Amino acid sequence: AQSVTQPDIHITVSEGASLELRCNYSYGATPYLFWYVQSPGQGLQLLLKYFSGDTLVQGIKGFEAEFKRSQSSFNLRKPSVHWSDAAEYFCAVGSFTSGTYKYIFGTGTRLKVLA
Amino acid sequence: DVKVTQSSRYLVKRTGEKVFLECVQDMDHENMFWYRQDPGLGLRLIYFSYDVKMKEKGDIPEGYSVSREKKERFSLILESASTNQTSMYLCASSRTGVVNTEAFFGQGTRLTVV
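Below: a short report on this structure. Just so it is clear, the model here is predicted, and its values are computed rather than measured.

### Notes on the pairing of strand E11 (residues 109-113) of chain B
All names here are of chain B. Only one face of E11 is buried, namely the one carrying Thr109, Leu111 and Val113, since none of Arg110 and Thr112 on the opposite face is buried. Judged from the four bridges that link them, strand E2 (residues 10-13) and E11 form a sheet pairing that is parallel. For Leu11, the partnering residue across the bridge sits in E11 and is Leu111. Where strand E9 (residues 87-94) lies against E11, three bridges are found, and the strand directions are antiparallel. For Ser87, the partnering residue across the bridge sits in E11 and is Leu111.

### Some thoughts on the layout of surface pockets
Its boundaries defined by the atoms lining it, the second largest pocket holds a volume of some 330 Å³. Lining the second largest pocket are 18 residues, and of these Gln38, Glu88 and Arg110 of chain A together with Gln37 and Pro39 of chain B lie nearest its centre. Residue classes in the lining of the second largest pocket are distributed as five nonpolar, nine polar and four charged.

### Describing the interface of chain A and chain B
Counting from both sides, the interface comprises 21 residues of chain A and, opposite them, 23 residues of chain B. A buried area of about 2,000 Å², summed over both sides, lies between chain A and chain B, and 56% of it is on carbon and sulfur atoms. Counting the contacts that link chain A with chain B gives one salt bridge. Taking the shortest distance from any N to any O, the salt bridge between Lys49 of chain A and Glu102 of chain B comes out at 2.8 Å. The interface formed by chain A and chain B contains eight residue pairs in polar contact (both at pLDDT 80 or more). Broken down by secondary-structure element, the contributors of at least two residues to the side of chain A that touches chain B are strand E5 (32-38), strand E6 (44-50), strand E10 (87-97) and strand E11 (100-105) of chain A. Broken down by class, the residue content of the side of chain A that touches chain B amounts to 11 nonpolar, seven polar and three charged.

What counts and what doesn't
- Residues numbered from 1 in each chain as written.
- Chains lettered and ligands numbered in written order.
- Predicted model: local features only at pLDDT ≥ 70, side-chain atom pairs only at ≥ 80, totals over all residues.
- Heavy atoms only, no water.
- Buried < 20%, exposed > 50% of the residue type's maximum accessible area, 1.4 Å probe, protein only.
- Helix = DSSP H or I, 4+ residues; strand = E, 2+ residues; numbered from the N terminus.
- Pairing = 2+ DSSP bridges.
- 1 Å grid on protein atoms, 1.4 Å probe; cavity = no way out; pocket = protein on both sides within 12 Å on 5 of 7 lines; lining within 4 Å.
- Points joined across faces, edges and corners; volume = space filled by probe spheres on them.
- Nonpolar A, V, L, I, M, F, W, Y, C, P; charged D, E, K, R; others polar.
- Contact = heavy atoms within 4.5 Å.
- Buried area = accessible area lost by both parts, 1.4 Å probe.
- Salt bridge = Lys/Arg side-chain N within 4 Å of Asp/Glu carboxyl O.
- Polar contact = N/O pair within 3.5 Å; in protein donor to acceptor, adjacent residues only side chain to side chain.

See the structure below:
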């Protein structure tokens, strides 16, 4: 069965430090992968997505992610974190099932940024 | 600018009440989704719809039903609300026929059942 695992429930970093959020997926075919961010009390906003081609994808707000098929991973990175990046981050995989397309989400990683 | 609008940001309902959560999208998307979000559990799919009057159960459909009479509107119905349905509910929509298309989300409805 398709699934997404985000092994870190909480991560705390200092402002200006680098960030890496981990995501592992289980999917039988070519995965379509997404990272979303959710600020407190808000809906989800797309940061970036991967479909094919270059395995390093750039997104909004200075985020990037690298697809590694051999490790079934799609980790999110940012070289220098800003206080406004404090939020919850969700990894997702797009899944075709019985001719319909839906999204499977991980359990999320909550990021805290120290001033 | 694309938009998914959920009718309420906050709702407080009593146990046993019938509750309607409404979602409207203005992007002419075929697919619409209802998710439930709980701490530590992420987003879990309740129901989705890939066309008007078409619906499929997600991972946690028990206690919920849905209605999609018009393309732009997707309603989630709690037939008899219970306290364990207190949660954040997120509606989303996406295009069909494009495999790498993302889902667009509404702002969420935080439902409290007392």
